[in-house]
Amino acid sequence: MKFRQIAFSLAALTTVWNVSYAQQTGNEALPARANLQQLIDYALNNKISLKQAAIDEEIGEKDIDIALSGWLPQVNANGSYNYNVKVPTSFIGGQNIALGQKNASALTIQADQQILNPALMQASKAATLIRQSNKQNTENQKITTVVEVSKAYYDILTSEEQIKIVRENITRLQKQYNDAKVRYEVGMVDKTDFKRAQIALSNAHADEKRTIEMRRYKYDYLKNLLAVDHQADVTLSFENANMENQILIDTTSSASVTNRIEFQQLQTSKKMQELETQYYKWTYLPNVSAFYNYAFNYRDNKFKDLYKDNFPSSVAGLSVSIPIFQGFKRKHQINQSKLRESRIDLSMEDLKNQINTEYALATASYNANLIDWKTSKDNVDLSKEVYDTIKLQYDEGIKTYLDLMTAETDLKTSQLNYLNALYALLSSKLDVQKALGTVDTK
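Residues numbered from 1 in each chain as written. Predicted model: local features only at pLDDT ≥ 70, side-chain atom pairs only at ≥ 80, totals over all residues. Heavy atoms only, no water.

Trainee: When you look at the overall build of the protein chain in this model, what are you seeing that I'm missing?
Mentor: In terms of regular secondary structure, the protein chain is built from eight helices and six strands. Starting at the N terminus and ending at the C terminus, the protein chain contains elements arranged as α-α-α-β-β-β-β-α-α-α-β-β-α-α. Compactness check: the protein chain gives a C-alpha radius of gyration of 39 Å against a globular reference of 22 Å for 442 residues, more than 25% above the reference. Seen through its C-alpha atoms, the protein chain measures out along the principal axes to roughly 145 × 65 × 35 Å. A sequence separation of at least 24 residues applies to 80% of the contacts in the protein chain between residues at least 6 apart. (Helix = DSSP H or I, 4+ residues; strand = E, 2+ residues; numbered from the N terminus. Rg over C-alpha atoms; globule rule 2.2 N^0.38 Å. Contact = heavy atoms within 4.5 Å.)

If you want it as structure tokens, here you go:
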């Protein structure tokens, strides 16, 4: 009892430490015996590519802030000091008059405010499109994550069921092996049946080990999707995970390309390219800005007296820059941008064809897998019935052990085929949802 209490306390402390560490690192702890929805939620919060997409959104916001900062007043200060080695003179009124003094210094503070600027006009219009593009990239990553995690979960669930089938098969073969051994020892049969049973049992154990090794890899793949340390212990819950209840989907509706995130991304790219075309047209406009400066001017022949007297000056005004001729540069830029618009249009048309083809392939695969699943489901019932019948006949000495082995192999094959068909059906259903653009990422 004392040992159990100590073990329980250590387990509790370990759990608390894991949760605390997860909170310190910014990740919530993955629940023990997590179901599919919990896995998806965890992946959406922790997958590396999604974290990168979130950082990209933040970077995009900073890019917008940087671009729009040009609309705010730009204040600069410039200072200078000059020592006139030779003070210039001018002959005025019959005398040589020195124009200046040996030492001169100035500090000028100037504020500039843009009023009309094509580049800043483009930045203002592009801000919404940049945010939209970054959010669409994040959404695309979410869709991929949901599909990948769901497939990985179903794949592990299939492996778990396969292991159960293999172990049930081992139990049956062990009994057959024991029966064959007893029959051989009492002289009812020769050692052929006994050896065959031994071979079949060894093969079944090998199947079990192979399936367990593949399951280990599938768990590692899921950890990679979840951004979980490969040494972490991930346990899954398969309660209420009846895969048969999740296989149906309507394949009669047609694919709408506007639902696909890839098409939405191209639409955003088209708008950004159209804005670039407009920007090149705006470059025919003048650049207009206002400015105001205040200068502190100091001059004296003696350096030690330089900053005793200030001769300030101040100027305010407008600055206008009109681009008149730039060698047809802007005309060529406009034409180039329009060509890029046309290229995006072709990409959109090509994507439409790809989406329709992808949807046709997904629905065809789904319907084919649905037929395979129904057939394999019937075959499981038939092979179980055949095995039970032949087993009774073998026990009565009517059928040979070879017939029993054949029935056993058919039963195991039909059960595994059923699981593989069910997994393929669920995977193809996810492909249909992705092709339709209806994958839920909320």
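Trainee: Whenever I open this one, the environment of aspartate 63 confuses me. Can you help?
Mentor: Here aspartate 63 shows up in helix H3 (residues 48–68). Residue aspartate 63 is classed as partly exposed on the basis of its relative accessible area, which comes to 43%. (Buried < 20%, exposed > 50% of the residue type's maximum accessible area, 1.4 Å probe, protein only.)

Trainee: When you look at the packing of H3 against helix H4 (residues 118–185) in this model, what are you seeing that I'm missing?
Mentor: Between two packed helices, the angle of one axis relative to the other and the distance separating the axes together describe the packing. One way to put it is that H3 packs onto H4 with a least axis distance of 9 Å and a crossing angle of 180°. Compared by their axis directions, H3 and H4 come out roughly antiparallel. Per-class residue counts for the contact of H3 with H4 are ten nonpolar, eight polar and six charged. (Axes fitted to C-alpha atoms, helices over the stretch in contact; angles between N-to-C directions. Parallel < 35°, antiparallel > 145°, perpendicular 65-115°, else oblique. Nonpolar A, V, L, I, M, F, W, Y, C, P; charged D, E, K, R; others polar.)

Trainee: Looking at this model, I keep getting lost on the nonpolar core. Mind explaining?
Mentor: Looking at soluble globular proteins, one finds that nonpolar side chains tend to be buried together. By size, the foremost hydrophobic cluster in this structure holds 44 residues, and its most contacted members are Leu39, Val149, Leu222, Leu226, Leu236 and Trp373. Of all the elements in the fold, those that place two or more residues in this core are helix H2 (36–46), H4, helix H5 (191–226), helix H7 (329–395) and helix H8 (401–436). Considering each element in turn, this core owes the most residues, ten residues, to H8. The residues contacting leucine 226, other than those within four sequence positions of it, are Leu30, Leu39, Tyr42, Ala43 and Asn46. Formed by 17 residues, the second largest nonpolar core is a distinct cluster that contains Ile170, Ala204, Tyr394 and Tyr401. (Core = buried A, V, L, I, M, F, W, Y, C linked by side-chain atoms within 4.5 Å.)

Trainee: In this structure, what is going on with the side chain of asparagine 103? I would like to understand it.
Mentor: When you line up the elements, asparagine 103 lands in strand S4 (residues 103–116). A polar atom in the side chain of asparagine 103 sits 2.6 Å from the side chain of tyrosine 81. There is a polar contact of 3.1 Å between the side chain of asparagine 103 and the backbone oxygen of asparagine 301. If we ignore the near neighbours within four places in the chain, the residues touching asparagine 103 are Tyr81, Asn82, Tyr83, Tyr298, Arg299, Asp300, Asn301, Lys302, Phe303 and Leu306. (Polar contact = N/O pair within 3.5 Å; in protein donor to acceptor, adjacent residues only side chain to side chain.)

Trainee: Just checking my understanding: could you explain unusual backbone geometry for this structure?
Mentor: Glycine aside, negative phi is the norm for most residues, and most peptide bonds take the trans geometry. One non-glycine residue, arginine 33, lies in the positive phi region at around 50°. Tracing the sequence through the fold places arginine 33 in the loop between helix H1 (2–24) and H2.

Trainee: Would you explain the side chain of serine 383 in this entry?
Mentor: Mapped onto the fold, serine 383 is located in helix H7. Filtering out sequence-adjacent residues up to four positions away, serine 383 remains in contact with Asp410, Leu411 and Ser414.

Trainee: Help me understand the pairing of S4, please; the structure alone is not making it clear to me.
Mentor: On a regular strand, one side chain projects to one face of the sheet and the next to the other, so that they alternate. Note that strand S1 (residues 74–83) and S4 share ten bridges and pair antiparallel. By the bridge assignment for S4, asparagine 76 is matched with glutamine 110. Summarising the sheet, S4 and strand S5 (residues 287–300) pair through 13 bridges and their orientation is antiparallel. Looking at the pairing, aspartate 112 lines up with phenylalanine 291 of S5. (Pairing = 2+ DSSP bridges.)

Trainee: Is there a simple way to think about the environment of phenylalanine 263 in this case?
Mentor: By secondary structure assignment, the location of phenylalanine 263 is in helix H6 (residues 261–282). Excluding residues that lie within four positions of it along the chain, phenylalanine 263 makes contacts with Val257, Thr258, Met348, Leu351 and Lys352.

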